[in-house]
Amino acid sequence: SFVIGADCVDVNDRACTDVCPVDCIYVGDRKSYINAAECIDCGACEPECPVEAIFVDRTARGDDEKMAFVEDSRAFFSEILPGRSEPLGNPGGARKVGDLGVDTEFVAQYEA
Ligand code: F3S
Ligand code: F3S
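What counts as what
Residues numbered from 1 in each chain as written. Chains lettered and ligands numbered in written order. Predicted model: local features only at pLDDT ≥ 70, side-chain atom pairs only at ≥ 80, totals over all residues. Helix = DSSP H or I, 4+ residues; strand = E, 2+ residues; numbered from the N terminus. Rg over C-alpha atoms; globule rule 2.2 N^0.38 Å. Buried ≥ 20, exposed ≤ 12 C-beta atoms within 10 Å, placed from the backbone. Contact = placed C-beta atoms within 7 Å. Near = placed C-beta within 6 Å. Nonpolar A, V, L, I, M, F, W, Y, C, P; charged D, E, K, R; others polar. Core = buried A, V, L, I, M, F, W, Y, C linked by C-beta atoms within 7 Å. pLDDT = per-residue confidence, 0-100. Expected span 1.5 Å × (residues − 1).

### Considering the overall build of the chain
- Tallying secondary structure elements over the chain gives 4 helices and 4 strands in all.
- Against the compact-globule benchmark of 13 Å for 112 residues, the chain has a radius of gyration of 13 Å, which places it among compact chains.
- Overall size of the chain, expressed as C-alpha extent along the three principal axes, is 35 × 30 × 25 Å.
- Counting across all 112 residues of the chain, residues that qualify as buried make up 29%.
- Taking the contacts inside the chain whose residues are at least 6 apart along the sequence as the reference set, 66% of them involve residues at least 24 apart.

Below, the structure is given as structure tokens:
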């Protein structure tokens, strides 16, 4: 599965969101997040990112920072985000939920 990593933080360019055929890239405050359950692994997003923030999860093995973003990408959908009453889950499309304007605790506090 594809994951958005550290380089997206405070860039949040969103070029990737325009090309995703299943609209599974959700826009947070400092970065965006791919929903692994909805992603069909087409890879269209990866070359679109101007800061090359998107990677394949299996390439994160042995890289603690990348692994942290793999896990954080799951947490974004499974945990209750600040200001919300329930987990986001798998909404089935980012456009219909709009910009979420919120991040996981990990990303909110992330310093490069
Ligand atoms: Fe982030 Fe790159 Fe997409 S900066 S929002 S992963 S185009
Ligand atoms: Fe979409 Fe990228 Fe997955 S374009 S389907 S998030 S590989």
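There is more to say, and it comes next.
### Side note on unusual backbone geometry
- Although it is not a glycine, R14 sits at a positive phi angle of roughly 75°.
- With respect to the helices and strands, R14 occurs in the loop between β1 (2–4) and α1 (15–19).
- Residue class for R14 comes out partly exposed when judged on the 14 C-beta atoms lying within 10 Å of it.
- In this structure, D23 is a non-glycine residue whose phi angle is positive, near 50°.
- Among the structural elements, D23 can be located in the loop between α1 and β2 (25–27).

### Some remarks on the site of ligand 1
- Neighbouring ligand 1 are 15 residues; C8, D13, C16, S32 and C49 lie closest to it.
- Considering only residue class, the shell around ligand 1 consists of 9 nonpolar, 2 polar and 4 charged.

### Some details on the nonpolar core
- If you look at the biggest cluster of nonpolar residues, it comprises 22 residues, and the most contacted ones within it are V3, I4, C16, I25, I34, C45 and I54.
- At the level of secondary structure, the elements contributing two or more residues to this core comprise β1, β2, β3 (32–34) and α2 (64–78).
- At 4 residues, the largest contribution of residues to this core is made by α2.
- Contacts of C16, omitting those with residues within four sequence positions, involve I25, S32, C45, E48, C49 and I54.

### What about the confidence of the model for the chain?
- Averaged over every residue, the pLDDT of the chain is 97; residues scoring 70 or more account for 100%.
- Across the interfaces of the predicted complex, the ipTM metric reaches 0.98, alongside a pTM of 0.97.

### What about the site of ligand 2?
- Around ligand 2 there are 14 residues in total, and F2, C20, C39, A44 and C45 lie nearest to it.
- Of the residues in the shell around ligand 2, the class split is 12 nonpolar, 1 polar and 1 charged.

### Let's talk about the environment of D99
- Locating D99 in the fold gives a position in the loop between α3 (94–97) and α4 (105–108).
- A sequence separation of 67 residues divides D99 from S32, and the C-alpha atoms of the two residues are 9.3 Å apart.

### Considerations on α2
- The end-to-end C-alpha distance of α2 is 21 Å, a good match for the 21 Å that 15 residues give at a rise of 1.5 Å each.
- Each element contacted by the buried residues of α2 is listed here: β1, β3 and α4.

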